[in-house]
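Inside the fold
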Amino acid sequence: MRHPVISLTTDFGTSDHYAGTMKAVILGIAPAARIVDISHEVPPYAIHDGAYVIAQAARFFPPKSIHLVVVDPGVGSARRPILAEAGGQFFVAPDNGVLSMVFEALPPASEKVRHITADRYFLQPLSQTFHGRDIFAPVAAHLAAGVPPSRFGKRISDHLRLDFFRPRRTGKHVWTGLVLHIDRFGNLITNFRLDEFPSIVTGPFELNAGLEKITKLAANFTEAIPGELTAILGSSGYVEIVINKDSAARRLGCGSGAPVELILY
Amino acid sequence: MRHPVISLTTDFGTSDHYAGTMKAVILGIAPAARIVDISHEVPPYAIHDGAYVIAQAARFFPPKSIHLVVVDPGVGSARRPILAEAGGQFFVAPDNGVLSMVFEALPPASEKVRHITADRYFLQPLSQTFHGRDIFAPVAAHLAAGVPPSRFGKRISDHLRLDFFRPRRTGKHVWTGLVLHIDRFGNLITNFRLDEFPSIVTGPFELNAGLEKITKLAANFTEAIPGELTAILGSSGYVEIVINKDSAARRLGCGSGAPVELILY
Amino acid sequence: MRHPVISLTTDFGTSDHYAGTMKAVILGIAPAARIVDISHEVPPYAIHDGAYVIAQAARFFPPKSIHLVVVDPGVGSARRPILAEAGGQFFVAPDNGVLSMVFEALPPASEKVRHITADRYFLQPLSQTFHGRDIFAPVAAHLAAGVPPSRFGKRISDHLRLDFFRPRRTGKHVWTGLVLHIDRFGNLITNFRLDEFPSIVTGPFELNAGLEKITKLAANFTEAIPGELTAILGSSGYVEIVINKDSAARRLGCGSGAPVELILY
């Protein structure tokens, strides 16, 4: 890897030194690394939102990219730091489920997960509250600098895999899902995948979110009737609930995690 | 171009994967590209603000820089994607007027605009809602990687040129302009260019914005009387309305696009 | 320096062209520079917050890194632009105290400060309101491109050193300090250094902030009792006041600069 790519996805925000300090640590160890910010605005402690963001972005990165994912409410506790290989890419993260949607999106056979224990690659003294700086960033950087994955720790198979993103069947024609993520425009990204629910495109459907019922599907934002809640085929592969040039989230009073019901006849 | 510069200006915010995914697509096609964020915080759908931001930043970039400008409320509709060469730089954007102030700032003879139609450079399947990822980023990246501009589509001359940024004369001594942009400090950048209205510096003037009249000009913020609305000669070449260490926008209740009247005696 | 690192710390926010324009200027002068954003979200004009952020991040950067620090409420006034060498790194900033905590953190013998006067390295025409673009960025870039520090101006020793970050003893057992910074999570970083007040760890203590008294110390966030204000040993080397998964700043109604009293028995 001549110019290895290291991406950053965190809930650190950008008003503190946290993200910049991680980049400093990386450049000290792997000067040739190309650091790419995905987002530092994952809502604080929001493992589900972080899981969605990294899974969406990672699939477009070049092979062998290294993804640092630090949404880590359990920092300093017994939760393990892990290094995962999946789909030809690397992920360095706490073992709290934040990689669940990455594993879902990629071929399972390609998934190898290690418990990071090789503390010779950690910063010393090791703080109990900023493992992004002291563990995750240096491990990603040493990996980028050529240290083989096996040097960081032993393979494990009991890492946490959450399935919050899978809708449950709750009636003959009914599935209960949720809002995976609210984007900047106030679009609600639901967890109903288009490839799992193709009849949304063809047949009649009903989506219930907040106190509203959505029954229309548009191909894009401008096809939606102004001011009207509409479902669209989202660029992420999931059904989204949107209003053209307005915030569906505000209209519905829904946040990330809110329930969404799908009825197919 | 050994290390081509690709700048990003969008209304995507940074809480989603959108900007990161565009960077991933770019690095997959043009690994040596140097990606520079100008802003992802253009207000949602705000073509005028985006037009101001890219025009201000672009003029300081090195020759042959490639600017990706994605403020695109019409994504998926008939609006065209365009590739413009202007002032020795490249701009990849929707044809919705977001490049109007770039064209204004640079010599017109140097302006060449193409309708991007070469879908072999697009990501497939092409979404209807995220052309930043599927069209604009890959086109910019292929351009950075050496594909000549002519390969992306035919020259056009009917691209959209807005003139919202030009004050209109509305009386013998009166011009009606507007607020181009509110910056982070609450300074109002008006569309009165210093080189077009040099008598602001020498003679008496009156600027009316919100419910207030501004008649004083200061050379910089610290020269302004604390707490008092003052005009300054902005670093962008436009007159700004400011309060030293306070927000003029909040005081005036003005937002981007608000009318500003200039009276010169 | 084959790929010199230039970091950026400003109060410019990211909704304007300001940060992007500084990067453009840098790349025009030093094409090989590696630009790293530390933060552009220092609160407007907040020299103390800026001083904290750059001091925390800088100590993790590689030797010879160049740090641009532009929190500059006095832009255009008589305040001097300075170039400081400290701890093997370079700092380009206004002489308003924003480097005070950098000087504090690094060995004093290594500190060399110059008044930047060599206007051949400035952008022309020089604005009175955006020295980030016209002075600080080009100076940092020329330094990165190999211009020796001595070329930018003469050594000075009367640069501004603030000591706002030092607690004062205000009673036999009492020290009065302040909140250095509120981070994204609402944690209060106080100015009580762990190495100066080691008895916080061993003995009983009392921290008074807002209307609350904090007497418990936890090793990390997850050890804190949910919903309870707790002191922790922060990753920055300072005592922090936190609530596990909640905002201590909101609970206490404290902002950056608020007083904090420490009582040790």
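Residues numbered from 1 in each chain as written. Chains lettered and ligands numbered in written order. Predicted model: local features only at pLDDT ≥ 70, side-chain atom pairs only at ≥ 80, totals over all residues. Heavy atoms only, no water.

What follows deals with the overall build of chain A. The helix and strand tally for chain A stands at six helices and 16 strands. Against the compact-globule benchmark of 18 Å for 265 residues, chain A has a radius of gyration of 20 Å, which places it among compact chains. Pairs at least 24 apart in sequence give 67% of the contacts found in chain A among residues at least 6 apart. Carbon and sulfur atoms provide 54% of the accessible area of chain A, an area that totals close to 9800 Å². Across chain A, 26 positive and 24 negative side-chain charges occur, with their mean positions spaced 7 Å apart. (Helix = DSSP H or I, 4+ residues; strand = E, 2+ residues; numbered from the N terminus. Rg over C-alpha atoms; globule rule 2.2 N^0.38 Å. Contact = heavy atoms within 4.5 Å. Areas by Shrake-Rupley, 256 points an atom, 1.4 Å probe, with all protein chains shown as cover. Lys, Arg positive; Asp, Glu negative; His and termini not counted. Charge placed at Lys NZ, Arg CZ, Asp CG, Glu CD.)

Superposition of the two copies of the chain requires a rotation about an axis together with a shift along that axis. With an RMSD of 0.0 Å, the operation that places chain B on chain C is a rotation of 120° combined with a shift of 0.0 Å along the axis. Such a turn and shift between the copies fits a three-fold axis. Looking at the rotation axis and the C-alpha trace of chain B, the residue lying nearest is Arg-34 of chain B, at 5.3 Å. Comparing interface residues between copies, only 6% of those in chain B also sit at the interface in chain C, which points to a heterologous contact through distinct surfaces. (Least-squares fit on C-alpha atoms with pLDDT ≥ 70 in both.)

Time to look at the relation of the copies chain A and chain B. The two copies are related by a screw operation: chain A maps onto chain B through 120° of rotation and 0.0 Å of translation along the axis, at an RMSD of 0.0 Å. Comparing contact sets, just 6% of the residues at the interface of chain A also lie at the interface in chain B, consistent with a heterologous contact between different surfaces.

Moving on, we get to the environment of Ala-231 of chain C. Residues and elements named next belong to chain C. Checked against the element boundaries, Ala-231 lands in strand β14 (residues 230-233). Sequence separation between Ala-231 and Ala-218 is 13 residues, and the spatial gap between their C-alpha atoms is 6.2 Å. Not counting chain neighbours up to four residues away, the residues in contact with Ala-231 comprise Phe-205, Leu-207, Ile-214, Lys-216, Leu-217, Ala-218, Val-239 and Glu-240.

Turning our attention to the interface of chain B and chain C. In this assembly, 32 residues from chain B lie in contact with 35 residues from chain C. Taking both sides of the interface into account, the surface hidden between chain B and chain C amounts to around 2600 Å²; carbon and sulfur atoms contribute 56%. Of all residues in chain B, Phe-60, Arg-184 and Phe-185 of chain B give up the largest surface area on contact with chain C, accounting jointly for 28% of the area buried on that side. The tally of links from chain B across to chain C stands at one salt bridge. Between Arg-184 of chain B and Glu-41 of chain C there is a salt bridge; the shortest N-O distance is 3.4 Å. Run the count over chain B and chain C and you get 15 residue pairs in polar contact (both at pLDDT 80 or more). Of all the secondary structure elements, the ones that give two or more residues to the side of chain B that touches chain C are β2 (34-39), α2 (47-58), β9 (174-182) and β14 (230-233) of chain B. When residues in the side of chain B that touches chain C are grouped by element, the largest group, five residues, is from β2 of chain B. Across the side of chain B that touches chain C, the residue classes break down as 16 nonpolar, eight polar and eight charged. (Buried area = accessible area lost by both parts, 1.4 Å probe. Salt bridge = Lys/Arg side-chain N within 4 Å of Asp/Glu carboxyl O. Polar contact = N/O pair within 3.5 Å; in protein donor to acceptor, adjacent residues only side chain to side chain. Nonpolar A, V, L, I, M, F, W, Y, C, P; charged D, E, K, R; others polar.)

Applying the stated rule across the entire model yields 27 aromatic pairs over all chains. Between Phe-185 of chain B and Tyr-45 of chain C, the aromatic rings sit 5.6 Å apart at their centres with planes inclined by 35°, giving tilted as the arrangement. Of this pair, Phe-185 of chain B sits in the loop between β9 and β10 (188-193) while Tyr-45 of chain C sits in the loop between β2 (34-39) and α2 (47-58), placing the two residues on different chains. Judged by relative accessible area, which is 14%, Phe-185 of chain B ranks as buried. Taken together, the aromatic side chains of Phe-12, Tyr-18 and Phe-130 of chain A make up a single cluster linked through ring pairs. Of note, Arg-193 of chain B hangs over the ring of Tyr-238 of chain B, and the distance from its end group to the ring centre comes to 5.4 Å. (Phe/Tyr/Trp six-rings, centres within 6.5 Å; stacked < 30°, edge-to-face > 60°. Buried < 20%, exposed > 50% of the residue type's maximum accessible area, 1.4 Å probe, protein only. Lys NZ or Arg CZ within 6 Å of the ring centre and 35° of its normal.)

A few words now on the sheet that holds strand β2 (residues 34-39) of chain A. Residue and element names in this part refer to chain A. Across the sheet, which stays open at both edges, the seven strands sit in the order β2-β1-β3-β5-β4-β6-β7 with mixed pairing between neighbours. The open sheet has two edge strands with one neighbour each: β2 and β7 (155-156). Examined bridge by bridge, strand β1 (residues 5-10) and strand β3 (residues 66-70) share five bridges and lie parallel to one another. Considered in β3, the bridge of Ile-6 is made with Ile-66. Lying on the sheet, helix α1 (residues 18-29) is in contact with β1, β2 and β3; it crosses β1 at an angle near 160°. Contacts between helix α2 (residues 47-58) and the sheet are confined to β1, β2, β3 and β5 (89-94), with β2 contributing the most and set at about 130° to the helix. (Pairing = 2+ DSSP bridges. Axes fitted to C-alpha atoms, helices over the stretch in contact; angles between N-to-C directions.)

Quick look at the packing of helix α1 (residues 18-29) of chain C against helix α4 (residues 131-144) of chain C now. Residues and elements named next belong to chain C. Put simply, α1 and α4 touch, their axes get as near as 9 Å, and they point 35° apart. Read as a crossing pair, α1 and α4 show a hand that is right-handed. For the pair α1 and α4, contact is made by Thr-21, Met-22, Val-25, Ile-26 and Ile-29 and by Gly-132, Arg-133, Ala-137, Pro-138, Ala-141 and His-142, respectively. The residue makeup of the contact of α1 with α4, split by class, is seven nonpolar, three polar and one charged. (Left-handed = near helix turned anticlockwise from the far one by under 90°.)

If you walk through the whole model with that rule in mind, you get 36 salt bridges over all chains. Each of the salt bridges in this network shares a partner with another, and the network as a whole consists of Arg-80, Asp-95 and Asp-158 of chain A.

It is worth spelling out the pairing of strand β4 (residues 81-86) of chain B at this point. Residues and elements named next belong to chain B. Across the six residues that make up β4, a large majority, six, are buried. Of the two faces of β4, the one lined by Pro-81, Leu-83 and Glu-85 and the one lined by Ile-82, Ala-84 and Ala-86 are each fully buried. Pairing geometry for β4 and strand β5 (residues 89-94), over six bridges, is antiparallel. When the sheet's bridge partners are listed, Ile-82 is paired in β5 with Ala-93. Following β4, the chain reverses through two residues before pairing antiparallel with β5; Gly-87 in that reversal takes a positive phi of roughly 60°. Relative to strand β6 (residues 112-115), β4 runs antiparallel, the two sharing four bridges. From the neighbouring strand, Glu-85 faces β6, where its bridge partner is Lys-112.

Strand-to-strand pairing in sheets goes through backbone hydrogen bonds, with the strands running parallel or antiparallel. Residues and elements named next belong to chain C. Across the sheet, which stays open at both edges, the seven strands sit in the order β2-β1-β3-β5-β4-β6-β7 with mixed pairing between neighbours. Each edge of the open sheet carries a strand with a single partner, namely β2 and β7 (155-156). Across the face of the sheet, α2 comes into contact with β1 (5-10), β2, β3 (66-70) and β5 (89-94) while running at roughly 130° to β2.

A separate point is the interface of chain A and chain B. Taken together, the contacts link 32 residues of chain A with 35 residues of chain B. For the pair chain A and chain B, the summed buried surface comes to about 2600 Å²; carbon and sulfur atoms form 56% of the total. Counting the surface chain A buries against chain B, the share from its top three residues, Phe-60, Arg-184 and Phe-185 of chain A, is 28%. The tally of links between chain A and chain B comes to 14 residue pairs in polar contact (both at pLDDT 80 or more). Elements represented by at least two residues in the side of chain A that touches chain B include exactly β2, α2, β9 (174-182) and β14 (230-233) of chain A. If you tally residues by element for the side of chain A that touches chain B, the top one is β2 of chain A, at five residues. Here the residues of the side of chain A that touches chain B are counted per class, giving 16 nonpolar, eight polar and eight charged.

Helical geometry note: an α-helix holds 3.6 residues per turn, so side chains three or four residues apart project in the same direction. Residue and element names in this part refer to chain C. Taking 1.5 Å of rise per residue, 14 residues should cover 20 Å, and α4 covers 18 Å from first to last C-alpha, within 8% of that figure. In the structure, α4 departs most strongly from a straight axis at Ala-137, where the bend amounts to approximately 30° and where the proline Pro-138 lies between one and four residues downstream. Counting buried residues in α4 gives 13 out of 14 residues, a clear majority hidden from the surface. Count one or two residues on from α4 and you reach Gly-146, which has phi positive near 115°. (Expected span 1.5 Å × (residues − 1). Bend = angle between axes of the 7 residues up to and from the residue.)

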